[in-house]
Structure formats: C-alpha cells, structure tokens
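# Structure assessment
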Amino acid sequence: MSTHYIQKPLSPPVAAVAPAQPVTLHVNGQDHTLHIAPWTTLLDALREYLDLTGTKKGCDHGQCGACTVLVDGKRINSCLSLAVMQEGCEIQTIEGLGTEENLHPLQQAFIDHDAFQCGYCTPGQICSAQGLINEGRAKTTAEIRELMSGNLCRCGAYSNILTAVEEVIHAQNGTR
Ligand code: FES
Ligand code: FES
C-alpha cells in the first residue's frame, strides 16, 4: 500500500519593505530633506526627487560617467552611491556650476570648442573635468585624456572635449 503525502502550500514570501526615511542632502548650496527608501541612489534622488535632471542616467552601472557629480569637490558616479551616504556632504551638480548669465569656464570652453553633439554626456564631462581640476594632477594632454577616460561620449566628441578641458586647465595653471 502506498502512502501519499500532500505538501502544504508554502506561505507566500513576504516582501521586505523598508519604510521611507528622511535624508537631508546639501545640493548646490541648499538643504533638501527627502523621504526616500534607503536604497535610493544619489542619481535617482537628484533626478526624481529634486528635479535636477542635468545629471544624466546613462548605464546606471558605473560604466559611462554620465551621472558624474561632485561630492566635497571629488567626482563620483552618482548611480553607484546611495543618497543616504551623502548626508552632510557638499553635493554639486551641473546646475550648481554656473548660471546662464555667468557660465562656468568649462561650460564656456565646451561651447567655444563645440565639445558636444547630442549633449547627453556633457554635464558628466563637465563635472568630471571640474573634479579633475580639483585633483590637480593632470598636466599633459595624455594625462587629461587618461583621467577623463571614465566619461564616455557616444557621439565621439572626444577631441573637442579634450581641447576644451585642456584650455581651462592651462588657463588656471597659467601654463598657456
Ligand atoms: S549612469 Fe552612472 S556611470 Fe553610467
Ligand atoms: S555629445 Fe552625445 S554622447 Fe557625448
């Protein structure tokens, strides 16, 4: 005689839902308190909650540099950082670098040298270039090219981007 065991259905998995928590971000000189899930990236916090859409989402995996912003003067990929990790830091996005009436020297140089086509990578390129300037370690064309290599440009505007960044670095260093 055979015995049959009937397995009781497994209880449905309980989704782990963490409550939104308050996070205060200091962006472009202003404090903003957001109520967000703890896994919200800095990129999503900027774009989806603060409407700062100048910072672009390209790959969302740390591979293209489109989402580059400055945190305490250092360039980071905002898609790889959680917003909660940046509480208490100075966050600067492309919107905080210059104004329409008073462009940042890098913004002016990008215009002067036609250093973009579609413009999607441009905010990340400019923030990254400012981070590079802050690092103070790029002196030659080859070094600038290498240290900007984390910022991809699908339009292939690399030579003009390089010229623009080089011009600003040399102007600030008084080397040209
Ligand atoms: S969107 Fe962050 S590196 Fe591509
Ligand atoms: S200007 Fe189009 S991706 Fe760089």
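Quick look at the structure, then. (Residues numbered from 1 in each chain as written. Chains lettered and ligands numbered in written order. Predicted model: local features only at pLDDT ≥ 70, side-chain atom pairs only at ≥ 80, totals over all residues.)

What follows covers the overall build of the protein chain. When helices and strands are tallied, the protein chain shows five helices and five strands. When the helices and strands of the protein chain are listed from N to C terminus, the series reads β-β-α-β-β-β-α-α-α-α. Residues counted as buried form 36% of the 176 residues belonging to the protein chain. When contacts within the protein chain are restricted to residue pairs at least 6 apart in sequence, long-range pairs at least 24 apart make up 56% of them. (Helix = DSSP H or I, 4+ residues; strand = E, 2+ residues; numbered from the N terminus. Buried ≥ 20, exposed ≤ 12 C-beta atoms within 10 Å, placed from the backbone. Contact = placed C-beta atoms within 7 Å.)

Looking now at the sheet that holds strand β1 (residues 21–27). What the five strands build is an open sheet, ordered β2-β1-β5-β3-β4; its pairing is mixed. Sheet topology places β2 (30–36) and β4 (74–77) at the edges, where each strand pairs with a single neighbour. Across this sheet, the average inter-strand angle for adjacent strands is 40 degrees, counted without regard to direction. Note: β1 against β2, seven bridges, orientation antiparallel. Residue pairing across strands places P22 opposite H35, the latter belonging to β2. Of the strands in this sheet, β3 (68–71) and β4 touch helix α3 (residues 122–135), which is tilted by about 35 degrees from β3. (Pairing = 2+ DSSP bridges. Axes fitted to C-alpha atoms, helices over the stretch in contact; angles between N-to-C directions.)

On the secondary structure map, V168 appears in helix α5 (residues 158–173). A count of 21 C-beta atoms within 10 Å places V168 in the buried class. In sequence terms V168 and Q108 are 60 residues apart; their C-alpha atoms lie 9.5 Å from each other. Those residues in contact with V168 that sit more than four places away from it in its chain are P105, L106 and A109.

Moving on, we get to α5. If you check α5, its first and last C-alpha atoms are 22 Å apart, about what 16 residues at 1.5 Å a residue would give, namely 22 Å. Within α5 the residues assigned to the buried category are I161, A164, V165, E166, V168 and I169. The inward-facing, buried residues of α5 contact α2 (105–112), α3 and α4 (141–147). In the segment just after α5, G174 is the residue with positive phi, at about 65 degrees. (Expected span 1.5 Å × (residues − 1).)

Quick look at the nonpolar core now. Of all hydrophobic cores here, the largest spans 40 residues; its most connected members are A45, L106, F110, A164 and V165. Broken down by secondary-structure element, the contributors of at least two residues to this core are β1, α1 (42–49), β3, α2, α3 and α5. At five residues, the largest contribution of residues to this core is made by α5. (Core = buried A, V, L, I, M, F, W, Y, C linked by C-beta atoms within 7 Å.)

A few words now on the environment of N77. Structurally, N77 is set in strand β4. C-alpha separation for the pair N77 and L42, spaced 35 residues apart in sequence, amounts to 8.9 Å. For N77, the residues in contact, after removing those within four places along its chain, are G62, G65, C67 and T68.

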